[in-house]
Structure formats: C-alpha cells, structure tokens
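Inside the fold
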Amino acid sequence: MSLEHIRMDIARVDDDIIRLLARRMELAELVLKEKKRLGLPINDDRQNALVLKRAMEKATELNVDTAAVREVFSILIRMSIDRQHEMSGEGNL
Ligand SMILES: C=C(O[C@@H]1C=C(C(=O)O)C=C[C@H]1O)C(=O)O
C-alpha cells in the first residue's frame, strides 16, 4: 500500500474515532437524565474505575500501550463529566 493510501485509511480511522466520541458524549447526556431522575451525583468514582479497568484489559488483549489507554480514557471520562455539568447548567465548576 502506498503512503498516500495508508494515510487515507488513517484519516478514516480518525473520523470513526471522532464519531464514536460524539456517540459517547450523547450517551453521557442520557446517563445524566437517568441520574437526575434517580437523584444520583454526576461523578461516580466506582464507575470511573470500572471503565478504566475495562479499557486497560481490552488494551492488554489487543497489545496496545495500557498507560496510554488509561490517559485517553481519563480524558474521555473528564469530557463526559464536564458535558454533564454543562447540561445541568453548572458550567465547568
Ligand atoms: C457516564 C457516566 O458519568 C460519569 C462518567 C463516566 C464515563 O464517562 O464513563 C463514568 C462515570 C461517571 O463519573 C456514568 O455514570 O456512567
């Protein structure tokens, strides 16, 4: 495969990643609605730990750098928590 072709494939993968990020954020908004109904706080340390553990297990299985995956997922969790605060009208406090 040529360099140009490989880079086109990378661009497609990048698009897919962003689409999945958008989907994850939509799901975070749905989670927020349920938490409001149930009277639960936005941040859930237990669930955060579970998400990180699951991601690192998958990274291990797929032979991807687990420390890097942990960093990426920490950012994803922070993004979804920030979005939920914004949706609650609390800004980024
Ligand atoms: C999405 C949720 O809200 C927060 C964000 C999480 C995430 O992005 O995975 C996990 C736990 C919560 O701190 C949730 O509770 O599931």
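We now turn to the structure provided with this report. (Residues numbered from 1 in each chain as written. Predicted model: local features only at pLDDT ≥ 70, side-chain atom pairs only at ≥ 80, totals over all residues. Heavy atoms only, no water.)

Secondary structure assignment for the chain yields three helices and zero strands. Walking the chain from its N terminus toward its C terminus, one meets helices and strands in the order α-α-α. Against the 2.2 N^0.38 benchmark of 12 Å for 93 residues, the chain shows a C-alpha radius of gyration of 16 Å, more extended than a compact globule. Dimensions of the chain along its principal axes, counting C-alpha atoms only, are 55 × 25 × 20 Å. Within the span of the chain, comprising 93 residues, buried residues form 18% of the whole. The contacts in the chain between residues at least 6 apart in sequence include a share of 57% that link residues at least 24 apart. Charge centroids of the chain, computed over 16 positive and 17 negative side chains, lie 5 Å from each other. (Helix = DSSP H or I, 4+ residues; strand = E, 2+ residues; numbered from the N terminus. Rg over C-alpha atoms; globule rule 2.2 N^0.38 Å. Buried < 20%, exposed > 50% of the residue type's maximum accessible area, 1.4 Å probe, protein only. Contact = heavy atoms within 4.5 Å. Lys, Arg positive; Asp, Glu negative; His and termini not counted. Charge placed at Lys NZ, Arg CZ, Asp CG, Glu CD.)

Bringing the packing of helix α2 (residues 45-61) against helix α3 (residues 66-87) into the picture now. Relative orientation of the contacting elements α2 and α3 amounts to 145°, with a least axis distance of 9 Å. Viewed along their axes, α2 and α3 form a crossing whose handedness is right-handed. Between α2, through Asn48, Val51, Leu52, Ala55, Met56, Ala59 and Thr60, and α3, the contact on the second element is made entirely by Thr66, Val69, Arg70, Phe73, Ser74, Ile77 and Ile81. In terms of residue class, the contact of α2 with α3 is built from nine nonpolar, four polar and one charged. (Axes fitted to C-alpha atoms, helices over the stretch in contact; angles between N-to-C directions. Left-handed = near helix turned anticlockwise from the far one by under 90°. Nonpolar A, V, L, I, M, F, W, Y, C, P; charged D, E, K, R; others polar.)

What follows concerns the site of the ligand. Near the ligand lie 13 residues; those nearest to it are Arg24, Lys35, Asp44, Asn48 and Ser80. Here an oxygen atom of the ligand and a side-chain polar atom of Arg24 are 2.8 Å apart. Here an oxygen atom of the ligand and a side-chain polar atom of Asn48 are 2.6 Å apart. In isolation the ligand offers 360 Å² of accessible surface; the protein chains occlude 90% of this area. Contributions of two or more residues to the shell around the ligand are made by α1 (3-38), α2 and α3. The element contributing the most residues to the shell around the ligand is α3, with four residues. A breakdown of the residues in the shell around the ligand according to their chemical character gives five nonpolar, five polar and three charged. (Near = heavy atom within 4 Å. Polar contact = N/O pair within 3.5 Å; in protein donor to acceptor, adjacent residues only side chain to side chain. Areas by Shrake-Rupley, 256 points an atom, 1.4 Å probe, with all protein chains shown as cover.)

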